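Coordinates in review
One-letter residues, chain by chain:
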Amino acid sequence: MAYVSGLRCRECSREYPAEALNVCDFCFGPLEVDYDYDAISQVISKDNISKGPLSIWRYQDLLPASGETPVDIMAGYTPLIKANNLGKRLGLNNLYIKNDSVNPSYSFKDRVVSVAATKALEFGFETLSCASTGNLACSVAAHAARAGMKSVVFIPSDLERGKIIGAAVYAPTLVSVDGNYDEVNRLCSEVGDNYPWAFVNINMRPYYAEGSKTLGYEVAEQLGWRVPDHAIVPSASGAMFTKIWKGFNELACLGLLDGVDSMPFGEDQNTVHHPAVVTKMHMTQAEGCSPIVTAWKEGQSHVMPVKPNSVAKSLAIGNPADGIYALRVIKNSGGSGTIVPEPEVVEGIKLLAQTEGIFTETAGGVVISGLKKLAESGAIKPDELTVAYITGNGLKTQEAVEEVVNPLSVKPTLSSFEEALSNFSPVGR
Ligand SMILES: Cc1ncc(COP(=O)(O)O)c(C=O)c1O
Ligand SMILES: [Zn+2]
């Protein structure tokens, strides 16, 4: 069962029943899930978690949908890899990569969609829908297929081929919109008013967003119930960034981190900060769409929308829904924001591939180049425990790195091969 006590407005704290709602009627603030943490603390333990399924549903007590019959294509439980080669390049001795690019539909979105799809079925919806920058469409279509639901996914028309095919293969109704993500999102809000569909990131958003907390839980569990000193995260809406932080703090408050005493959650469960959570949350965005980091650099508490123009299309949200809350997490955690120049996105992809054998998409390129800047500036000390979140797969954004294709073209003879080899100069490293 799920330990949800209701929804609460993040701005005015008004309470709402746990229904398919996302906006406060009074102040238009976003709604968030409230939990009965007393009840959760009675049942949850490290031992129980470790005996759970090898997916996000091992943390079902902390998720807002019932884990008894989840819509589950095995999202989560992805590798945390000690990155010694990349660490050596960057002067970091304690660097880990959370490789979430190996989820079933090849991005972290499977975590949020598995929760939203499960909740949508609970509510009796028959159609799963979303406004997407690409990865979400793939994941919604995949989970709908698994659940036997219909799906209607909306994407900007200029997405990479791998994302379009990666969604279309599950046979959703794929709607290609002549506009950017923010326009797609506006259209979807209107569609949602007229069709009885579960839009995972609109009317299901409070439940959906909670799925990203598992990126915090998993890293802590994989580190032996510890939190890192630094987390490097890519942001578009800013939701995942806030939820990783929330996940770390929930574990601490429930006394699930090693050697850490539990602490009450207080009235606003979403702003709790346990002093044992020392993680500095570092946001990375690409230069062509960096509204949240720009606001942070300028010391603003609000985010000015921008018109995106970036190779990192998965992060191209100009008007980020969770921007102000993400800004608070940067501040409260003592973290930072880094803007990655556009050409360095591809450099980051290549650096990770050529040091650790992990092929990430453009969002991961943003993270690795951002990490490099943080290491070079001394913001991360050599021995500090650092986790870089790699949230999507490079096979979906092949266009970005086509320049790497430079094969030795030979005839099927040894002499042809040897002649080509003698003229070969390796590129890339
Ligand atoms: C691969 C990848 N990483 C990160 C993000 C950013 O997530 P959020 O919107 O929660 O900030 C996205 C968003 O679509 C994504 O596709
Ligand atoms: Zn309100």
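This one's a predicted model, so the numbers in the text were calculated from it and none came from an experiment.

Before going further, it helps to spend a moment on the overall build of the chain. Check the secondary structure of the chain and you find 15 helices and 13 strands. Over its C-alpha atoms the chain spans a radius of gyration of 21 Å, differing by no more than 12% from the 22 Å that the globule rule assigns to 429 residues. Considering the chain as a whole, with its 429 residues, one finds that 55% of them fall into the buried category. Summarising the internal contacts of the chain: among those between residues at least 6 apart in sequence, 69% fall at separations of at least 24.

Turning next to the site of ligand 1. In the neighbourhood of ligand 1, 18 residues make up the surrounding shell, with Ser237, Met240, Ser314, Thr391 and Gly392 lying closest. For the shell around ligand 1, the element with the most residues is helix α10 (residues 239–253), which contributes 3 residues. Per-class residue counts for the shell around ligand 1 are 8 nonpolar, 9 polar and 1 charged.

Here we take up the sheet that holds strand β13 (residues 386–390). Within a sheet, neighbouring strands are paired by backbone hydrogen bonds and run either parallel or antiparallel to one another. In spatial order, the strands read β4-β5-β13-β10-β11-β12; together these 6 strands make up an open sheet with mixed pairing. The open sheet terminates on both sides in strands that have one partner only, identified here as β4 (80–82) and β12 (336–340). Recorded for the sheet is a direction-independent mean angle of 25° between the axes of neighbouring strands. Taken together, the 5 bridges between strand β10 (residues 230–234) and strand β11 (residues 280–286) define a ladder with parallel strand orientation. Looking at β11, one finds that proline 234 is bridged to threonine 284.

All right, on to the nonpolar core then. Core analysis: the largest hydrophobic core is formed by 129 residues, its most contacted members being Ala116, Val140 and Val200. A total of 9 residues in this core trace back to one element, the largest contributor, which is α10. For valine 200, the residues in contact, after removing those within four places along its chain, are Val113, Ala116, Leu128, Cys130, Val140 and Tyr208.

The phi angle at methionine 74 is positive, at roughly 70°, despite the residue not being glycine. Of note, methionine 74 is situated in the loop between α2 (46–50) and β4. Residue alanine 171 is not a glycine yet carries a positive backbone phi of 60°. For alanine 171, the position within the fold is in the loop between α6 (161–168) and β8 (173–177).

Note on placement: alanine 276 falls in the loop between α10 and β11. Sequence separation between alanine 276 and glycine 365 is 89 residues, and the spatial gap between their C-alpha atoms is 30 Å. Setting aside chain neighbours within four positions, we find alanine 276 in contact with Ala252, Leu257 and Val260.

Taking strand neighbours across the sheet as the criterion, the 4 strands line up as β8-β7-β6-β9 in an open arrangement whose pairing is parallel. Each edge of the open sheet is held by one strand with a lone partner, namely β8 and β9 (198–199). Where strand β6 (residues 127–131) lies against β9, 2 bridges are found, and the strand directions are parallel. The residue of β9 that forms the bridge with leucine 128 is alanine 198. In the packing of helix α7 (residues 181–194) onto the sheet, the strands contacted are β6, β7 (150–156), β8 and β9, and the crossing angle to β7 comes to about 145°.

In this structure, asparagine 393 sits in the loop between β13 and α15 (414–422). With 311 residues separating them in the primary sequence, asparagine 393 and lysine 82 have C-alpha atoms 19 Å apart. Once residues lying within four places of it in the same chain are set aside, the contact partners of asparagine 393 are Ser101, Tyr106, Ser107, Phe359, Thr360 and Glu361.

The subject of this paragraph is the pairing of β10. Of all 5 residues in β10, 5 are buried, a share of seventy percent or more. Neither face of β10 is open: one carries His230, Ile232 and Pro234, the other Ala231 and Val233, and all of them are buried. Each parallel crossover has a hand, and for β10 linked through α10 to β11 it is right-handed.

Moving on: the packing of helix α9 (residues 214–222) against α10. Angle between the axes and distance between the axes: these two values describe a pair of packed helices. Remark: α9 packs on α10, axes separated minimally by 6 Å, with the N-to-C direction vectors making an angle of 50°. One element, α9, and the other, α10, form an angle in the oblique class. The hand of the α9/α10 crossing is right-handed. Across the interface between the two elements, Thr214, Leu215, Gly216, Tyr217 and Ala220 of α9 pack against Met240, Ile244, Lys246, Gly247, Phe248 and Leu251 of α10.

Cut-offs used in this document
Residues numbered from 1 in each chain as written. Chains lettered and ligands numbered in written order. Predicted model: local features only at pLDDT ≥ 70, side-chain atom pairs only at ≥ 80, totals over all residues. Helix = DSSP H or I, 4+ residues; strand = E, 2+ residues; numbered from the N terminus. Rg over C-alpha atoms; globule rule 2.2 N^0.38 Å. Buried ≥ 20, exposed ≤ 12 C-beta atoms within 10 Å, placed from the backbone. Contact = placed C-beta atoms within 7 Å. Near = placed C-beta within 6 Å. Nonpolar A, V, L, I, M, F, W, Y, C, P; charged D, E, K, R; others polar. Pairing = 2+ DSSP bridges. Axes fitted to C-alpha atoms, helices over the stretch in contact; angles between N-to-C directions. Core = buried A, V, L, I, M, F, W, Y, C linked by C-beta atoms within 7 Å. Right-handed = clockwise from strand over helix to strand, strands pointing away. Parallel < 35°, antiparallel > 145°, perpendicular 65-115°, else oblique. Left-handed = near helix turned anticlockwise from the far one by under 90°.

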